[in-house]
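Descriptive structure summary
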Amino acid sequence: MRIVLREFELRSFLPRFLTIESNSLMMKQLLSLFFLLACGSFLWAQDQDDPRRQFDFWIGTWDVYKMGTDTLVGKSEITSILTGNSIKEEYASTQSLYKGTSLNSFNPQNQKWSQYWVDNGGLTLELKGTFAEGKMILEDQMNQITWYQMENGHVRQTWVNKADGKVLFDGEYKARER
């Protein structure tokens, strides 16, 4: 496809000092720049709607505190892996030898998130869920874990036993000072 603009139409888009005859290279560069910016904006907008980005608010290096206190309970490293298609969590308690790791990913076939958690005590969890109203909610038959980004940029994680409603963990992830 070839697009041809008449000189008077093209000149209306350019400052007066640019002319087609004397600045054809510059014109090609300007059009190339415009094209790249337009494509980049389109791709950025698509990325914002990509469900694989819904849990990105959790990515970071965190100090984890008991919610509403200054009691440090753990340290967590959340990283994007597999070219942005999954998230890996590595958690270590600051109060014991407890450690755990999770792998999190969005499944486009069923439109759900999955988390597989393992820890050094032998616990394994296989959670599934969705992101809605700014919250990631993953659960199995016995557990429901919710994450959301707070107004101050911290992330809150609440783990509830579904059978009795008991809160098993309520933590606030604060970005670690470097």
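Placed above this text is the structure.
Summarised in this report is the structure supplied together with it.

How each quantity is defined
Residues numbered from 1 in each chain as written. Predicted model: local features only at pLDDT ≥ 70, side-chain atom pairs only at ≥ 80, totals over all residues. Heavy atoms only, no water. Pairing = 2+ DSSP bridges. Helix = DSSP H or I, 4+ residues; strand = E, 2+ residues; numbered from the N terminus. Axes fitted to C-alpha atoms, helices over the stretch in contact; angles between N-to-C directions. Salt bridge = Lys/Arg side-chain N within 4 Å of Asp/Glu carboxyl O. Buried < 20%, exposed > 50% of the residue type's maximum accessible area, 1.4 Å probe, protein only.

Attention shifts here to the pairing of strand E3 (residues 86–93). Where strand E2 (residues 72–81) and E3 come together, eight bridges link them in antiparallel fashion. From the neighbouring strand, Lys-75 faces E3, where its bridge partner is Ala-92. Taken together, the seven bridges between E3 and strand E4 (residues 99–107) define a ladder with antiparallel strand orientation. Across the sheet, Ser-86 pairs through a bridge with Ser-105, a residue of E4. Count of turn residues in the E3/E4 antiparallel hairpin: five residues.

Around the barrel, which closes on itself, the 10 strands sit in the order E1-E2-E3-E4-E5-E6-E7-E8-E9-E10 with antiparallel pairing between neighbours. The mean inter-strand angle of the sheet, taken between neighbouring strand axes irrespective of direction, is 25°. Both strand E9 (residues 155–161) and strand E10 (residues 167–175) contribute to a ladder of six bridges, which runs antiparallel. Pairing of Trp-159 across the sheet is with Phe-169, part of E10.

Overall, the coordinates contain seven salt bridges when judged by the stated rule. With its nearest N and O atoms 2.9 Å apart, the salt bridge here joins Arg-53 to Asp-56. Given the relative accessible area of 27%, Asp-56 is considered partly exposed. Close ionic contact of Asp-63 with Arg-176 constitutes a salt bridge, the shortest N to O distance being 3.0 Å. Of this pair, Asp-63 sits in strand E1 (residues 60–66) while Arg-176 sits in the segment after E10; the two residues are 113 residues apart in sequence, bridging distant segments of the chain. For Asp-63, a relative accessible area of 11% corresponds to the buried category. Classification of Arg-176 as partly exposed rests on a relative accessible area of 26%. Overlapping salt bridges bring together Asp-50, Arg-52, Arg-53 and Asp-56 as one network.

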